[in-house]
2 protein chains.
Amino acid sequence: MYGNIRVELNHNGKTMPNLEENLGFGKHFTAHMFMMDYEEGTGWHDPRIIPYGPISHDPAAMVFHYGQAVFEGMKAFRTESDEVVLFRPDQNAKRLNRSSERLSIPQIDEEFVVAAIQQLVRIDAAWVPKKKGSSLYIRPFVIATEAILGVRPAMQYSFIIIMSPVDAYYEEGLQPVNILVESYFSRSVRGGTGDAKAAGNYAGSLKAQTLAKEHNCAQVLWLDAIEKKYLEEVGSMNVFFKINGEVVTPSLSGSILEGITRGSIIHLLKDWGIPVTERKISIDDIVEAHANGSLEEAFGTGTAAVVSPIGSLLWNGTPMVINQGKTGELVEKLYATITGIQSGKLPDTYGWLLKV
Amino acid sequence: MYGNIRVELNHNGKTMPNLEENLGFGKHFTAHMFMMDYEEGTGWHDPRIIPYGPISHDPAAMVFHYGQAVFEGMKAFRTESDEVVLFRPDQNAKRLNRSSERLSIPQIDEEFVVAAIQQLVRIDAAWVPKKKGSSLYIRPFVIATEAILGVRPAMQYSFIIIMSPVDAYYEEGLQPVNILVESYFSRSVRGGTGDAKAAGNYAGSLKAQTLAKEHNCAQVLWLDAIEKKYLEEVGSMNVFFKINGEVVTPSLSGSILEGITRGSIIHLLKDWGIPVTERKISIDDIVEAHANGSLEEAFGTGTAAVVSPIGSLLWNGTPMVINQGKTGELVEKLYATITGIQSGKLPDTYGWLLKV
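Starting afresh in each chain, residues are numbered from 1 along the sequence in its written order. Naming scheme: in the order in which they are written, chains are lettered from A and ligands are numbered from 1. Reporting of local features is limited, given that this is a predicted model, to residues whose pLDDT is at least 70; pairs of side-chain atoms are given and counted only at 80 or more, and all residues count toward the totals for whole chains, interfaces and linings. Here the side-chain values reflect all heavy atoms present in the structure, with hydrogen atoms and water set aside.

S.K.: Teacher, can you tell me more about the overall build of chain A here?
M.R.: By the criteria applied, helices consist of DSSP H or I runs no shorter than four residues and strands consist of E runs no shorter than two, each listed in order from the N terminus. The helix and strand tally for chain A stands at seven helices and 19 strands. As defined in this context, the radius of gyration uses C-alpha atoms, and a globule is described by 2.2 Å times the residue total to the power 0.38. In terms of overall dimensions, chain A is globule-like: its C-alpha atoms have a radius of gyration of 21 Å, near the 21 Å expected for 356 residues. C-alpha extents for chain A along the principal axes are approximately 60 × 50 × 35 Å. Exposed residues in this analysis have more than 50% of their type's maximum accessible area, buried residues have under 20%, and partly exposed residues fall in between, with area computed by a 1.4 Å probe over protein chains only. A burial count over chain A gives 61% of its 356 residues as buried.

S.K.: Help me understand the pairing of strand β14 (residues 246–250) of chain B, please; the structure alone is not making it clear to me.
M.R.: In summary, the side chains of a regular strand alternate between the two faces of the sheet. Residues and elements named next belong to chain B. With four of its five residues buried, β14 lies for the most part within the structure. When strand β13 (residues 238–243) meets β14, the two strands line up antiparallel, connected through three bridges. Bridge assignment links Phe241 to a residue of β14, and that residue is Val248. Paired strands, in this sense, are two strands between which DSSP finds at least two bridges. Between β13 and β14, which pair antiparallel in sequence order, lie two residues; one of them, Asn244, sits at a positive phi of approximately 50°. Of the strand pairs in this sheet, β14 and strand β15 (residues 276–279) are connected by four bridges, and their pairing is parallel. Bridge pairing links Val247 to Val276 in β15.

S.K.: Quick question: what am I supposed to make of the relation of the copies chain B and chain A here?
M.R.: Two copies of one chain are present, and they are related through a rotation about an axis combined with an axial shift. To line up the copies, we fit them by least squares on C-alpha atoms, keeping just the residues with pLDDT of at least 70 in both. Turning chain B through 180° and shifting it by 0.0 Å along the axis lays it on chain A, with an RMSD of 0.0 Å. Interpreted geometrically, this transformation is the action of a two-fold axis. In this assembly the copies share their binding face: 100% of the residues contributing to the interface of chain B also contribute to that of chain A. By definition, residues are in contact when any of their heavy atoms lie within 4.5 Å.

S.K.: What exactly am I supposed to notice about unusual backbone geometry here?
M.R.: Note: most residues except glycine have negative phi, and most peptide bonds are trans. Phi at Gln324 of chain A is positive, roughly 55°, even though this residue is not glycine. Exposure remark for Gln324 of chain A: the relative accessible area of 67% places this residue in the exposed category. One non-glycine residue, Asp82 of chain B, adopts positive backbone phi at about 65°. Note that Asp82 of chain B resides in the loop between β6 (74–78) and β7 (84–87).

S.K.: Teacher, can you tell me more about the interface of chain B and chain A here?
M.R.: Think of interface size as the accessible area that goes away when the parts come together; that is how it is often given. In this complex, chain B contributes 60 residues to the contact, which on the side of chain A involves 60 residues. In this assembly, chain B packs against chain A so that about 4900 Å² is buried in total across both faces, 63% of it on carbon and sulfur atoms. When residues of chain B are sorted by the area they lose upon contact with chain A, Pro59, Phe64 and Leu149 of chain B head the list and together hold 14% of the total. The term salt bridge refers to a pairing of a side-chain nitrogen on Lys or Arg with a carboxyl oxygen on Asp or Glu at a separation within 4 Å. Inspection of the region where chain B meets chain A yields two salt bridges. Note that Lys207 of chain B is salt-bridged to Glu101 of chain A, the shortest N-O span being 2.6 Å. What qualifies as a polar contact is a pair of N or O atoms within 3.5 Å, subject to a donor-acceptor requirement within protein and to the restriction that residues adjacent in sequence count only when both atoms come from side chains. Joining chain B to chain A, the criterion identifies 27 residue pairs in polar contact (both at pLDDT 80 or more). Counting only elements with at least two residues in the side of chain B that touches chain A, the list comes to β4 (55–57), α1 (62–66), β5 (69–71), α2 (89–102), β8 (135–144) and α4 (199–214) of chain B. For the side of chain B that touches chain A, the leading source of residues is α4 of chain B, giving nine residues. Judged from the three bridges that link them, strand β4 (residues 55–57) of chain A and β4 of chain B form a sheet pairing that is antiparallel. The residue of β4 of chain B that forms the bridge with His57 of chain A is Ile55 of chain B. Summed over both partners, buried area is the accessible surface (1.4 Å probe) that two parts give up on being assembled.

Below you can see the structure in the form of structure tokens.
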């Protein structure tokens, strides 16, 4: 498929940061990257692992003008027995193709994507940190590189994978955050690109995020654009609520990203016999549950944080404090289970890990 | 402002295509480009005109991942008296800042933007074609260049201007096109980025455009995402209808781009004493006007085509033929007037031209 992956090792070496120290998120990059090109007629070709370094494009390359770009985010973990594993990479490869389909970007063989990630991680395995909760963040992305200003799907693309050693999102255990319920800006709408990991979705969300920070909130909770009533996502995470013993999360409406952590959590909850429902959830439902004391927990889910407890929701100028602003039992258990599986502490009962 | 523009001439020269031959759109680029960088704390700095050529970025540059990018489109014309003029460049500079504001990109002094364009066009003035209807298309754009994967506004940007000699959009006079009324996909929504010239808007529109072509249509007519009922734009142009002697165009709802050609046409119509109204227009209004014979003309407006007559609208599988599929009188007059002003054939009564 696409030919053998050519490997050009980085013989100059690359200074590795101290993996036991503060790594931040997406700041340091490993010694190598994967790259493969697409040309209409030829298809994907010349897969290669090369030294990490700048990429050069014509200033008319379509990615700079029309945002034709999609990406994925996933992690490699170093287990307690010093093996390196990936968490459900097949799911990322599938979603990459779903995103590409929406953005008129050519598909890539999913098994090849996983194999390319495996080989790249193997080469830079020394960059997978050991520290509790840390990991190697993997960023596959596709960009339109054709140099033409006509608005149409490009005929040339690059598929690139870069990797970054990152800290645990919460270094001192889960920290509940304040969230602003956003009533003006919209993230997406039916018929839009909200269910794709499309570059432009993120640019459009920055302004609301900045306003949230001005309200001392870490992120926004997006409402649907049509009725400004139904919950969609929290920042760039999916959102869950535990109300009166039942866990609910917004159903995939077409404008919500189908998170892989979201899917894993639904799977775990079902396995544990905890009722979990995907449905439309209005902000009024949440206000009511908060008022009558049945809103037990709220949290976001995503690759970066795994889970992120919500301590309060700021809605119409009034904060609704959830679970006294503390991390709930369920979110703790979900975090312990997923990170436990990822670190090899718990058995991989669901076959979610792939050895590198 | 930002220091003097440093000029590094392209001494290697660049092969110019035959400007009398088929140029296409956005395929050939001139010998030079303008570039200026932004760094948080320092601000915009190092404005320079340099030889046109590839730009190099870290693969983690935010434009590749989060689509934080805006652009403009405008033209320079060679008048009949061999002067080179720009059409309302101040309007483009203003809109660039409006787009940037929505995308959390730093503002650029508008007079400086116009001056930079003027100087660049002056240097590459030989690239402004003479052929009737042809022009030099100018593409200013801003991209986020900071290399970090955290989702937040970037702290580093480049502002770049590239230029491309282009043909008249319609080389043999105006040609009415078929348009598909799009009922599934959405271009934007209130609270989104539809009123900004944001890169991601265009990527999101490609799929609908491809489907339109499969229906033998040149473009789609976008309906609002909320009620799937009100007209928004046609492709990446604004849309106008002449119904029973009155000209109507969708009001700026927040999800529609405020076109500079749109504004110029409203200005002309008012000056000519032709009633023109900006209002919500439903597809039902159009169906009704078509049925009762009062729908006289329909056309798109934008920098690339100036005006583009709509010969038929395909709605629910049925084509509504407009003005017997022929170019209407009003659209002809608007085209002749605007291109007449641009080419210096008609006096610049409104002060729309700026000499380079």
